[in-house]
Amino acid sequence: VSTMSAKTSSGGEEEASGMGNETLGEAKRGQVIRVAYVIAALDLTFLFMQMGVVPYLAKSLGLDSVGFGYLQTIFGVLQLMGGYIFGRFADRFGARAALILSCVSGSVFFLLMSLSTSIPLLFLSRLPGVFMHGIPGAQKVITDMTTPSQRAGALGKLGFCFGVGIIAGSVLGGVLSTKFGIYVPTYVGLVGSLINTLIAMVCIPSQTKPKSDHHVTERSDLFSIREILRLMKFPGVMEVFMVKVFAGLPIGLFMIMFSIISMDFFGLEAVESGYLMSYFGVLQMVVQGLVVGKLSSHCTEMTLLRLSVFVFAGVGLGMALMRTVWHYCIIAVPLVFAFSMLATITDSILTKAVPSSDTGAMLGICASVQPLTRTVGPTIGGVLYKQFGVSSFGYLQLTVNLGLFVYLLKSKIPLGEMKSQ
């Protein structure tokens, strides 16, 4: 039964998606997708804006480094818990309702941050993070509004939004907090999130997925372990999801420790670290905005998945041998390529491997990978860095991804091979 369902989702989803959205027209669908990109870019800008401010706000309130670690862990746990629930909510009530929920949660988040004049209030401000999932919300809109053959390219362009968010958010957060006060970025984030809410309400149609799938989403509660296990039983889903988790885990640990590594290992000042983050943002924009879509139109997704894992292995070797920040700037090019390709292709494959009525839940599960890394990462990354140094992240990256590459070459994952037309 699961095999037949998978064939229906991967082989017949394109037809169903076209039937469900044909009334909107190609131009209208393109317009809705562009609106989703705008919402995602603004959401990420506000998020990165507060990320640069929170350490200074926490320090001004008397929170030490251990307490700040607890603050970050709580946010990661909340995002981890909320990812799947958010996805099921999107399946049941629609992508527009999910985006509105995310934007409203962001507004409450920034409102509480602007009122955080004590440590308990600062911790309380993390609570709305459980439903702050702007990227999965935009991914849901794109998934509903595109055919499977168009999906990888359309999802890849979200990386451009990510680059915009990193650059604009980092710059705005620093400038606003320095010139106008530490709470000003939270006021801007509050107003911006409210504007995002209005954009979602006005510009995103109430129904974006095929009408024939609406009744399917009523079959279970918003959170159900049984539903997660059901999705994982579709052919190839568990295998690809495990590749997604383990291929990106070592570099995820490295990025969590990067603020410490940039100071201790590379000897960078705060301003120089900001420049390095902007460099990453530009790379992200170029790779996901231009490269991923082009490759997805010429290669099958499984080929690109193998390529991203292989490049990740090479990045691991480079990280193990690097000694200066200039070495890292060179390594960053294949690193961003592999990271972007892995995220986009696995999301595309997994949403096509399940029925279209479950794409929101699948995207929610995918979105839980990064919060999971942020939750366990500080402990594991701290041990690796303290005991074995920076090179340990590279050797772990190389070993894990070489193993995954061999696995992907030898295994026959039962997923439909597809490239854009």
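Our subject is the structure that appears above.
These lines cover the structure that appears in this document, whether it is placed above or below. Source: prediction; values computed, not measured.

1. Brief notes about the side chain of Asn-401
If you trace the backbone, Asn-401 turns up in helix α19 (residues 391–410). The buried category is assigned to Asn-401, whose relative accessible area is 0%. Among the polar contacts listed, one links the side chain of Asn-401 to the backbone oxygen of Gln-397, at a separation of 2.9 Å. Once residues within four sequence positions are removed from consideration, Asn-401 is found in contact with Ala-247, Val-309, Phe-312 and Ala-313.

2. Describing the pattern of salt bridges
Taken as a whole and assessed by the stated rule, the structure comprises 4 salt bridges. In this structure, the salt-bridge partner of Asp-347 is Lys-244, at a minimum N-O distance of 3.0 Å. Residue Asp-347 is located in helix α16 (residues 325–353), and its partner Lys-244 is located in helix α12 (residues 237–256); the two are separated by 103 residues in the primary sequence. The same class applies to Asp-347 and to Lys-244, which are both buried. The salt bridge involving Lys-352 is made with Glu-301; its shortest N-O contact spans 3.0 Å. With Lys-352 in helix α16 and Glu-301 in helix α15 (residues 301–321), this pair connects stretches of sequence that are 51 residues apart. For the residue pair Lys-352 and Glu-301, the accessibility class agrees, reading buried in each case. The network of salt bridges with common partners includes Asp-91, Lys-140 and Asp-144.

3. Things to note about the packing of α15 against α19
Their axes nearest at 7 Å, the elements α15 and α19 cross at an angle of 155°. The orientation of α15 relative to α19 falls into the category roughly antiparallel. Between α15 and α19 lies a crossing whose hand is left-handed. Facing Met-302, Leu-305, Arg-306, Val-309, Phe-310, Phe-312, Ala-313, Gly-316, Leu-317, Met-319 and Ala-320 of α15, the residues of α19 in contact are Ser-391, Phe-393, Gly-394, Tyr-395, Gln-397, Leu-398, Asn-401, Leu-402, Leu-404, Phe-405, Leu-408 and Leu-409.

4. What to know about a nonpolar patch on the surface
On the surface, Leu-121, Leu-124 and Leu-127 cluster together into a nonpolar patch covering about 230 Å² of accessible area. Relative to the helices and strands, Leu-127 is located in the loop between α6 (119–124) and α7 (134–145).

5. Description of the packing of aromatic side chains
Under the criterion given, the structure shown has 11 aromatic pairs. Judged by centre distance (4.8 Å) and plane angle (45°), the rings of Phe-89 and Phe-93 are tilted. Separated by 4 residues within a single helix, Phe-89 and Phe-93 lie in helix α4 (residues 65–93), roughly one turn from each other. Classification of Phe-89 as buried rests on a relative accessible area of 19%. The exposure class assigned to Phe-93 is partly exposed, which follows from its relative accessible area of 45%. Between the aromatic rings of Phe-254 and Phe-393, the centroid separation amounts to 5.8 Å while the plane-to-plane angle is 75°, which identifies the pairing as edge-to-face.

6. Points about the environment of Ile-74
You can see Ile-74 is positioned in helix α4. Separated by 53 residues in the primary sequence, Ile-74 and Leu-127 place their C-alpha atoms 8.6 Å from one another. Among all residues touching Ile-74, those that are not within four sequence positions of it are Phe-123 and Arg-126.

7. Some remarks on the environment of Ile-330
If you trace the backbone, Ile-330 turns up in helix α16. Taking relative accessible area as the criterion, Ile-330 reaches 60% and is therefore assigned exposed. For the pair formed by Ile-330 and Gly-318, sequence separation is 12 residues and the distance between their alpha carbons is 9.2 Å.

8. Considerations on the nonpolar core
Membership of the largest hydrophobic core comes to 63 residues, with the highest contact counts inside it found for Phe-254, Tyr-328 and Phe-393. Of all the elements, α16 adds the most residues to this core, at 15 residues. Counting 21 residues, the second largest nonpolar core, distinct from the first, contains Tyr-37, Ala-138, Leu-158 and Cys-161.

9. Here we look at the side chain of Ser-348
Secondary-structure assignment places Ser-348 in helix α16. When near neighbours in sequence (up to four residues on either side) are disregarded, Ser-348 contacts Arg-151, Ala-152, Leu-155 and Glu-301.

Definitions and limits used
Residues numbered from 1 in each chain as written. Predicted model: local features only at pLDDT ≥ 70, side-chain atom pairs only at ≥ 80, totals over all residues. Heavy atoms only, no water. Helix = DSSP H or I, 4+ residues; strand = E, 2+ residues; numbered from the N terminus. Buried < 20%, exposed > 50% of the residue type's maximum accessible area, 1.4 Å probe, protein only. Polar contact = N/O pair within 3.5 Å; in protein donor to acceptor, adjacent residues only side chain to side chain. Contact = heavy atoms within 4.5 Å. Salt bridge = Lys/Arg side-chain N within 4 Å of Asp/Glu carboxyl O. Axes fitted to C-alpha atoms, helices over the stretch in contact; angles between N-to-C directions. Parallel < 35°, antiparallel > 145°, perpendicular 65-115°, else oblique. Left-handed = near helix turned anticlockwise from the far one by under 90°. Patch = residues over 30% accessible without salt bridge, like charges linked within 9 Å, V, L, I, M, F, W, Y side chains within 5 Å. Areas by Shrake-Rupley, 256 points an atom, 1.4 Å probe, with all protein chains shown as cover. Phe/Tyr/Trp six-rings, centres within 6.5 Å; stacked < 30°, edge-to-face > 60°. Core = buried A, V, L, I, M, F, W, Y, C linked by side-chain atoms within 4.5 Å.

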